[in-house]
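Coordinate analysis (summary)
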Amino acid sequence: MTDLTHLTIADALDGLAAKKFSARELTDAHLKKMAALKKLNAYITETPEKAREQADASDKRRAAGGKVGALDGIPLGIKDLFCTEGVQTTAGSHILEGFKPTYESTVTKNLFDAGAVMLGKLNLDEFAMGSSNKTSYYGNVINPWKRRNEDGGCDSTDLVPGGSSGGSSAAVAARIAMAATGTDTGGSIRQPAALTGTVGIKPTYGRCSRWGIVAFASSLDQAGPIARSVEDCAIMLGAMAGHDPKDSTSVEMPVPDFRKGLTGNIKGLRVGIPKEYRVDGMSQEISDLWAKGAEWLKSQGAEIKEISLPHTKYALPTYYIIAPAEASSNLARYDGVRFGLRVPGNSLDEMYELTRAAGFGKEVKRRILIGTYVLSAGYYDAYYLQAQKVRALILKDFTDAFKQVDVILTPSTPSAAFGFHENEGDPVQMYLQDVFTVTVNLAGLPGISVPAGLDAKGLPLGLQMIGRAFDEETLLRSAQVLERAANFTALPAGV
Ligand code: GLN
C-alpha cells in the first residue's frame, strides 16, 4: 500500500469511499509517523485513543452505508488554542497547563460533526503571539524543511516553522496531520503556511465562530485551515465555517460549497498589484516570484492592474497597538483562580502577581505592558483611538481598491524560514514578518497563502491573495489557478 500520510484530503475521501483503506488505517499511519517525528515537537498533546475511537466510529458509519460527513475519517491536528472537551488546552502557555475545558469550541465541534478525527493538540506561540513558535512554553517547533548547502546537501541548522500556528504548519508539511486548524490575528495562518510549503487561508472576520478559541485580540482573531492543497482548504473551511449564536461576531450567512466553486476559470478576473507592498529591502527572489505570480494569472486570462493601498505603511504600528490593547484586556482573566496555574501568596493580590509572573512568558508580558499603556488614561487618545482611526483608513483603502479589482496579489512574507537564532534579540525584526499579512486582519478580509516556489537555498516561498469580504469563493478559485501554475511539488527531506 502507498504511504497513506501523503494523500490529500480529497484523495483520502475518495479512497475511504472506495474502501481502499479504512479510517483506522489512515489514522494509524499518521500516529506511526507522529511517533517517528517527535523531534519536530509539533504536538503538545497527542490523543491516540480518541483518534482511534473516532476513526473506528467513522468506519462503522461507512460500513452501515448511511450518510457520512464532509471529513469523515480524516485525521487532523488541532491548534492548542481551540478548547477541546476533556483534553488539555494550553494556548502554548504555562498559565494554562493542566486546563481541561468542559466544553468544545464551535469550530472543533463542527469538524467532529463532519466526521473528522483528532490526532492531538498542536504547538503554537504562547497565546498565539509570535511568528516563529519560539515563544511557546512547550518548546519550539522545528520546521521539517532544511536549507540546501552549496554542495547540494542538507544544512543542519534548525529552522522555524513560522508562527503562531507553527505546530499546524510543521505537522501538515511533515505529513503528521492531513490538515490542521490554525488561527490568524495578524498572519498566523498565512505566514507559517508560506514558511512550510503548505496552503493556509484566513477567512473573512465572522466566517468562523470564535467561541471556545482562547482569545488573543478579539477584533482580529479568525480561525482557518492549513492544508496541502487549495482544494483541501476549501473542504476544511466548508466544515469549520458557519453562523454560531454563541459568537455575536459570527455572521449569519450561508456557507457556500467552496469546493464546487473551484472551477479553474479566471477569465476576466481583475488582479490588483499594490505598489506599497514593494517594501524597502525586498529581496530580488521575492520580487521575481511576485512578478511570476502575476504572469501566471495573466496567462490564464486574468487582467493585471497596479493599485494603491496608501495607508499600508501604518498597518504594522496600528496592529501593534490594537492587538496588545485587546490582549491586555483578554488576558486579565488568567488570575490563578479560574484556570490552570496558581502560585499561592500571602494575599489575593500577591497570588495574582505571583501566578501571572510565573505563568506568562516574556513576549506575553511585553504585549500586556504595551496594551495596558496604550489604553491608560492620558495615552488612550494618542495611541489607541488614533490606531482605530488608521484602521478605518486601511479598510477604506481596500474598499476603494475592490472597486477596480476582484483579488489582490502580494508576497506572503518578506523572507523564507529563518534559523532559531536569527532575528533574535530584536522584537521589531520579528514583528516585520507580518508586514504583508496584518493589513488583511485590520480590514477583516479573507487572505490565502499558496506555495509558489523555492528560494536559492531550496526553501519554500508563498504568494498571498486577498479577497473581498465573504468572497472566499473567488479567492479560493484564483488561488487554485495560481497553485496549478506554480506546480509546487517539492517535499521537505525525510518526510
Ligand atoms: N505574528 C503576529 C503577532 O505576533 C501575528 C500573530 C497571530 O496572527 N496570531 O502578533
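This text goes with the structure placed above it.
Report on the accompanying structure. (Residues numbered from 1 in each chain as written. Predicted model: local features only at pLDDT ≥ 70, side-chain atom pairs only at ≥ 80, totals over all residues. Heavy atoms only, no water.)

Below, the discussion takes up the overall build of the protein chain. A count of helical and extended segments in the protein chain gives 15 helices and eleven strands. For 495 residues, the compact-globule formula gives about 23 Å, and the C-alpha radius of gyration of the protein chain, at 21 Å, lands near that figure. When its C-alpha atoms are laid out on the principal axes, the protein chain stretches across 65 × 55 × 55 Å. Relative to its 495 residues, the protein chain shows a buried fraction of 60%. The contacts in the protein chain between residues at least 6 apart in sequence include a share of 77% that link residues at least 24 apart. Measuring between centres, the 54 positive side-chain charges of the protein chain sit 3 Å from its 56 negative side-chain charges. (Helix = DSSP H or I, 4+ residues; strand = E, 2+ residues; numbered from the N terminus. Rg over C-alpha atoms; globule rule 2.2 N^0.38 Å. Buried < 20%, exposed > 50% of the residue type's maximum accessible area, 1.4 Å probe, protein only. Contact = heavy atoms within 4.5 Å. Lys, Arg positive; Asp, Glu negative; His and termini not counted. Charge placed at Lys NZ, Arg CZ, Asp CG, Glu CD.)

Time to look at empty space enclosed by the protein. Enumeration over the complete set of coordinates arrives at two cavities of 30 Å³ or more. Estimated volume of the largest cavity: approximately 80 Å³. What lines the largest cavity is a set of 14 residues, and nearest its centre among them are A128, G130, S188, Y319 and D434. Among the residues making up the lining of the largest cavity, the classes are represented as five nonpolar, seven polar and two charged. As for the second largest cavity, its lining consists of T183, R210, I213, A215, D221, Q222 and A223. A breakdown of the residues in the lining of the second largest cavity according to their chemical character gives three nonpolar, two polar and two charged. (1 Å grid on protein atoms, 1.4 Å probe; cavity = no way out; pocket = protein on both sides within 12 Å on 5 of 7 lines; lining within 4 Å. Points joined across faces, edges and corners; volume = space filled by probe spheres on them. Nonpolar A, V, L, I, M, F, W, Y, C, P; charged D, E, K, R; others polar.)

Note on sheets: strands pair through backbone hydrogen bonds, and any given pair is parallel or antiparallel. Strand order in the open sheet made by the eleven strands is 1-3-2-4-6-5-10-11-9-7-8, with mixed pairing throughout. If you trace the sheet from one side to the other, it starts and ends with strand 1 (43-46) and strand 8 (303-307), each paired once. Put simply, the sheet's adjacent strands are angled 30 degrees from each other on average, direction ignored. Judged from the five bridges that link them, strand 2 (residues 75-79) and strand 3 (residues 117-122) form a sheet pairing that is parallel. (Pairing = 2+ DSSP bridges. Axes fitted to C-alpha atoms, helices over the stretch in contact; angles between N-to-C directions.)

A word on the pairing of strand 4 (residues 179-184). Extensive coverage of strand 4 is indicated by the burial of six of its six residues. Here strand 4 shows no split at all, with A179, T181 and T183 on one side and A180, G182 and D184 on the other all buried. In the sheet, strand 2 pairs with strand 4 via two bridges, with the strands oriented parallel. Looking at the pairing, G77 lines up with A180 of strand 4.

With that out of the way, let us pick up the site of the ligand. Taken together, 15 residues sit near the ligand, with T185, G186, S188, Y319 and R367 positioned nearest. Interatomic distance of 2.8 Å between a side-chain N/O atom of S131 and a nitrogen atom of the ligand. Along the lines of polarity and charge, the residues of the shell around the ligand split into five nonpolar, seven polar and three charged. (Near = heavy atom within 4 Å. Polar contact = N/O pair within 3.5 Å; in protein donor to acceptor, adjacent residues only side chain to side chain.)

Before going further, it helps to examine the packing of helix 11 (residues 362-375) against helix 12 (residues 380-401). Describing two packed helices takes the angle between their axes plus the distance from one axis to the other. It is the contact of helix 11 with helix 12, at a shortest axis distance of 7 Å, that shows an interaxial angle of 105 degrees. In terms of their interaxial angle, helix 11 and helix 12 are classed as roughly perpendicular. Between helix 11 and helix 12, the residues in contact are Y373, V374 and L375 and Y380, Y383 and Y384, respectively. Taken together, the residues of the contact of helix 11 with helix 12 break down into six nonpolar, no polar and no charged. (Parallel < 35°, antiparallel > 145°, perpendicular 65-115°, else oblique.)

Our focus in this paragraph is unusual backbone geometry. In this structure, the amide linkage connecting G163 to the following residue, S164, adopts the cis form with an omega of 5 degrees. With respect to the helices and strands, the residue S164 is situated in the loop between strand 3 and helix 5 (166-173). In this structure, A128 takes a positive phi of about 65 degrees despite not being glycine. Mapped onto the secondary structure, A128 falls in the loop between strand 3 and helix 5. For F470, which is not glycine, the phi dihedral falls at a positive 60 degrees. Mapping F470 onto the fold places it in the loop between strand 11 (460-467) and helix 15 (472-486). Owing to a relative accessible area of 23%, F470 belongs among the partly exposed residues under this scheme.

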